[in-house]
Amino acid sequence: MKIGIDKIGFYTPHIFVDMEKLAVARNVEPAKFTIGIGQSQMSVAPATQDSVTLAANAALEIINDEDREKIDFVIFGSESGIDHSKSGAVYVHHLLGLNPNARAVELKQACYAATAGIQMAKGHVALNPESKVLVLGTDIARYGLNTSGESTQGAGAVAMIISANPRIMELDNQNVYLTNDIMDFWRPIYSDKAFVDGKFSNEQYILFFNKVWEAYKDKSGLELKDMEAICYHLPYTKMGLKALRTVLDDAPEEVKERLLENYQISTIYNRNVGNIYTGSLYLSLLSLLENKELKDSSRIGMFSYGSGAVGEFFTGILQPNYRQHLNLEGHQQLFNSRQEVSVEEYERIFEETLPADGSDIEFDISRDPATIVLSGSLENKRQYVNKNR
Ligand code: COA
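Being a predicted model, the structure only gives us computed values, none of them experimental.

1. Notes on the nonpolar core
Working step 1: Core analysis: the biggest nonpolar cluster contains 77 residues, and Leu134, Tyr282 and Ile300 have the highest contact counts within it.
Working step 2: Considering every element that reaches this core, the biggest residue donor is strand S7 (residues 154-164), with eight residues.
Working step 3: Not counting residues up to four positions away in its chain, the partners in contact with Ile300 are Met169, Glu228, Ala229, Cys231, Leu285, Leu288, Leu294, Phe314, Thr315, Gly316 and Leu318.
Working step 4: With 44 residues, the next largest nonpolar core counts Met19, Tyr216, Leu241 and Phe313 among its residues.

2. Some thoughts on the sheet that holds strand S15 (residues 339-340)
Working step 1: One open sheet holds the three strands; their spatial order is S3-S2-S15, and the pairing between them is mixed. Both outer strands of the open sheet, strand S3 (41-44) and S15, are each paired with one neighbouring strand and no more.
Working step 2: Pairing between strand S2 (residues 15-18) and S3: four bridges, direction antiparallel. Across the sheet, the residue bridging to Ile15 is Val44, located in S3.

3. Regarding the domain arrangement of the protein
Working step 1: Each domain of the protein was delimited in the assignment, giving domain 1 (3-168 + 326-386) and domain 2 (171-321).
Working step 2: Listed by partner, the interface residues are 58 residues for domain 1 and 47 residues for domain 2.
Working step 3: A combined buried area of about 4,300 Å² lies between domain 1 and domain 2, and 57% of that area is made up of carbon and sulfur atoms.
Working step 4: Between domain 1 and domain 2 we count two salt bridges in total.
Working step 5: Taking the shortest distance from any N to any O, the salt bridge between Arg142 and Asp192 comes out at 3.2 Å.

4. Quick look at helix H13 (residues 343-351)
Working step 1: Val343, Tyr346, Ile349 and Phe350 are the residues of H13 that are buried. When H13 is viewed along its axis, its buried side chains cluster within an angular range of 120° and face the same direction. Residues of H13 that are exposed and point more than 90 degrees away from the buried face comprise Glu344 and Glu351.
Working step 2: Those residues of H13 that are buried lie in contact with S2, helix H1 (19-25) and S3.

5. Re unusual backbone geometry
In most cases, non-glycine residues show a negative phi, while peptide bonds are predominantly trans.
Working step 1: Cis geometry marks the peptide bond from Gly308 to Ala309, where omega comes out at 5°.
Working step 2: For Ala309, the location among the structural elements is in the loop between strand S13 (299-306) and strand S14 (310-318).
Working step 3: Positive phi outside glycine occurs at Ala110, with the angle close to 45°.
Working step 4: If you trace the backbone, Ala110 turns up in the loop between strand S5 (103-107) and helix H6 (113-127).
Working step 5: A positive phi angle, near 55°, is found at Asn321, a position not held by glycine.

6. Examining the packing of aromatic side chains
For any pair of aromatic rings, the description rests on two quantities: the centre-to-centre distance and the angle between the ring planes.
Working step 1: Summed over the entire model, instances satisfying the criterion amount to 19 aromatic pairs.
Working step 2: The lysine or arginine in question, Lys86, covers the ring of Tyr91, its NZ or CZ lying 4.4 Å from the ring centre.
Working step 3: Across from the ring centre of Phe350, 3.9 Å away, lies the NZ or CZ of Arg142, which sits over that ring.

7. Some remarks on the layout of surface pockets
Working step 1: Reported here for the second largest pocket is a volume of approximately 640 Å³.
Working step 2: Lining the second largest pocket we find 31 residues, and of these Ser148, Gly149, Thr152, Gly198 and Tyr236 sit closest to its centre.
Working step 3: Of all the secondary structure elements, the ones that give two or more residues to the lining of the second largest pocket are helix H2 (30-37), helix H7 (198-220) and helix H8 (237-245).
Working step 4: In the lining of the second largest pocket, the residues fall into 13 nonpolar, 12 polar and six charged.
Working step 5: Of the residues that make up the lining of the second largest pocket, three or more belong to each of domain 1 (3-168 + 326-386) and domain 2 (171-321).

8. Let's talk about the site of the ligand
Working step 1: Around the ligand, the surrounding shell holds 20 residues, and the nearest of these are Lys32, Ser148, Lys199, Ser201 and Lys242.
Working step 2: A distance of 2.8 Å separates an oxygen atom of the ligand from a polar backbone atom of Ser148.
Working step 3: Taking Lys238, its side chain carries an N or O atom lying 3.0 Å from an oxygen atom of the ligand.
Working step 4: Considered on its own, the ligand offers 970 Å² of accessible surface; in the complex 70% of this is hidden by protein.
Working step 5: More than half of the atoms of the ligand fall within 2 Å of the grid points belonging to the second largest pocket.
Working step 6: Elements with a contribution of two residues or more to the shell around the ligand: H2, H7 and H8.

9. A few points about the pattern of salt bridges
Working step 1: Counting across every chain of the model gives 24 salt bridges.
Working step 2: Between Glu150 and Arg26 there is a salt bridge, with its nearest N and O atoms 2.7 Å apart. With Glu150 in the loop between strand S6 (132-141) and S7 and Arg26 in the loop between H1 and H2, this pair connects stretches of sequence that are 124 residues apart. Here Glu150 and Arg26 have matching classes, each one buried.
Working step 3: In this structure, Glu253 and Lys256 form a salt bridge, with 3.8 Å as the shortest nitrogen-oxygen distance. Separated by three residues within a single helix, Glu253 and Lys256 lie in helix H9 (residues 253-265), roughly one turn from each other.
Working step 4: When salt bridges with common partners are traced through the structure, they connect Lys7, Glu66, Asp67, Lys70, Glu130 and Lys132 into a single cluster.

10. Focus: the packing of H8 against H9
Working step 1: It is at 10 Å that the axes of H8 and H9 come closest, and there the two elements cross at 165°. Viewed along their axes, H8 and H9 adopt a mutual orientation that is roughly antiparallel. Where H8 crosses over H9, the handedness of that crossing is right-handed. Contact with H8, carried on its side by Thr237, Lys238, Met239, Gly240, Leu241 and Leu244, involves Leu259, Leu260, Tyr263 and Gln264 of H9 and no other residues of that element.
Working step 2: Split into classes, the residues belonging to the contact of H8 with H9 amount to six nonpolar, three polar and one charged.

About the criteria used
- All residue numbers refer to position in the chain's written sequence, counted from 1.
- Note on the predicted model: pLDDT of at least 70 is required for a residue's local features to be given, and 80 or more for side-chain atom pairs to be given and counted; whole-chain, interface and lining totals, by contrast, use all residues.
- With hydrogens and water excluded, all non-hydrogen atoms of the structure serve as input to the side-chain values.
- Only buried residues count toward a nonpolar core. Its members are Ala, Val, Leu, Ile, Met, Phe, Trp, Tyr and Cys residues joined through side-chain atoms within 4.5 Å.
- For the exposure calls, accessible area comes from a 1.4 Å probe over protein chains only, and a residue counts as buried if that area is under 20% of its type's maximum, exposed if over 50%, partly exposed in between.
- Where helices and strands are cited, they refer to DSSP runs of H or I of at least four residues and of E of at least two residues respectively, numbered from the N terminus.
- We call two residues in contact whenever any of their non-hydrogen atoms come within 4.5 Å of each other.
- Two strands are said to pair when DSSP picks up at least two bridges between them.
- A domain assignment, automatic or from a database, supplies the domain bounds used here.
- Summed over both partners, the accessible area (1.4 Å probe) lost when two parts come together is defined as the buried area.
- Should a side-chain nitrogen of Lys or Arg be within 4 Å of a carboxyl oxygen of Asp or Glu, the pair is scored as a salt bridge.
- Working note: the arc is built from the helix axis to C-beta atom directions.
- Centres within 6.5 Å make a pair out of two Phe, Tyr or Trp rings, where for Trp the six-membered ring is used; the pair is then stacked when the planes are under 30 degrees apart, edge-to-face when over 60, and tilted otherwise.
- We call a charge positioned over a ring when the NZ of a Lys or the CZ of an Arg lies within 6 Å of the ring centre and within 35 degrees of the ring normal.
- Think of a 1 Å grid over the protein atoms and nothing else: a 1.4 Å probe that fits but is trapped marks a cavity, an open set flanked by protein within 12 Å on at least five of seven lines marks a pocket, and residues with an atom within 4 Å of a point count as lining.
- Grid points are joined across faces, edges and corners, and a volume is the space filled by probe spheres set on the points.
- For this classification, the nonpolar set comprises Ala, Val, Leu, Ile, Met, Phe, Trp, Tyr, Cys and Pro, the charged set comprises Asp, Glu, Lys and Arg, and every other residue, Gly included, is treated as polar.
- Residues are counted as near a molecule or strand when any one of their heavy atoms sits within 4 Å of it.
- Pairing of N or O atoms within 3.5 Å defines a polar contact, subject to two protein rules: one partner must be a possible hydrogen donor and the other a possible acceptor, and residues neighboring in sequence count only if both atoms are side-chain atoms.
- The accessible surface values rely on the Shrake-Rupley method and a 1.4 Å probe; as for residues, cover is taken only from the protein chains in view.
- To be counted as sitting in a cavity or pocket, a molecule needs more than half of its atoms within 2 Å of that site's grid points.
- Structural elements are reduced to axes, namely lines fitted to C-alpha atoms, with helices fitted over the stretch in contact, and the angle between N-to-C directions of any two is expressed from 0 to 180 degrees.
- Note on angle classes: values under 35 degrees are labelled roughly parallel, values over 145 roughly antiparallel, values of 65 to 115 roughly perpendicular, and the remainder oblique.
- Two helices that cross are described as forming a left-handed crossing if the nearer one is turned anticlockwise from the farther one by less than a right angle, and a right-handed crossing if clockwise.

If you want it as structure tokens, here you go:
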């Protein structure tokens, strides 16, 4: 039985900051951010968006009434969850009006959790071929104002339906995964900003990629020439390129050219959104699929990395007419309707969070065009609104 990605949706907040302007404000050469890091715009989450609303808005794009009935498992992958106990999946399940006979859980392992969610979903569908699983990768990346990680922030979510007979991509089973206890990026319970050893995390990302790629080649018998493209977890768009370059020497010239060209296409969306942690690899896949017409049956390599650290390499096969099941127009509209905010405005929005002492607050939701928003907090409970219900 084929199992894989049947639908894929995406959401990012309606405001962004221009990276050249951020560079000027930080006294940095703009080319460092646009070329050295490889980012042009950075999505900014207003106080009315959190990991729950981002995920719910991404899912809203893809689910219909049949999905509402058939989804019996919601997996919420996030680094920026909103509660130490209750899963974001339960909120999303309610906001979308899904069938009550469903499981709902949250998974955490930095930027890797959505990949773990997909693998769990595959197992569930293998045992229950009629089921559909909603997998969410949703995050707001926060390093802090004036930090070295600031240029690699972002906000957004990817939602996927994993099912039998998928219409977009069949996922194969020769995955290779690797875990090692390292401190390259972490976020203690008391902090709403990440701690990072930037250079070390870059090194480890590449080391993990090299290890899982070598093991994948041995396990599958496949090589670079068998990959139409390789998509990467993209904390910033230069990162995947650094990893890809380390293996290209083995490849014939035409394979090298193809992988480099497709790599650039796979970074178009991420370059204008920034890091969305768990959703980042799948945003890169979406960027590739929507911005280039690839042949049916093409094999796409996928490298997932979550600091701390877990890495995984796997591949998927594009299904016949997969492009008919994408939403290129909707995503172009999402990007075109975004509004730029100044660096000063971004700094103000960055500091506007829910009160840390749990006191009540009500936000003005009229300025956020998203369908699902956070309207505030009452008696220590986040208040969500689905404007369509
Ligand atoms: N024009 C073009 N490129 C320039 C430049 C200029 N004027 N100035 C600097 N650069 C290049 C540097 O040469 C470097 O490129 P390289 O990495 O290919 O050598 C790049 O811009 C970044 O410069 P660097 O001095 O290394 O940046 P930094 O010390 O400010 O930190 C990160 C960069 C990525 C380490 C930092 O943003 C970070 O910690 N990010 C979060 C962690 C992360 O994303 N980890 C990834 C694994 S998940």
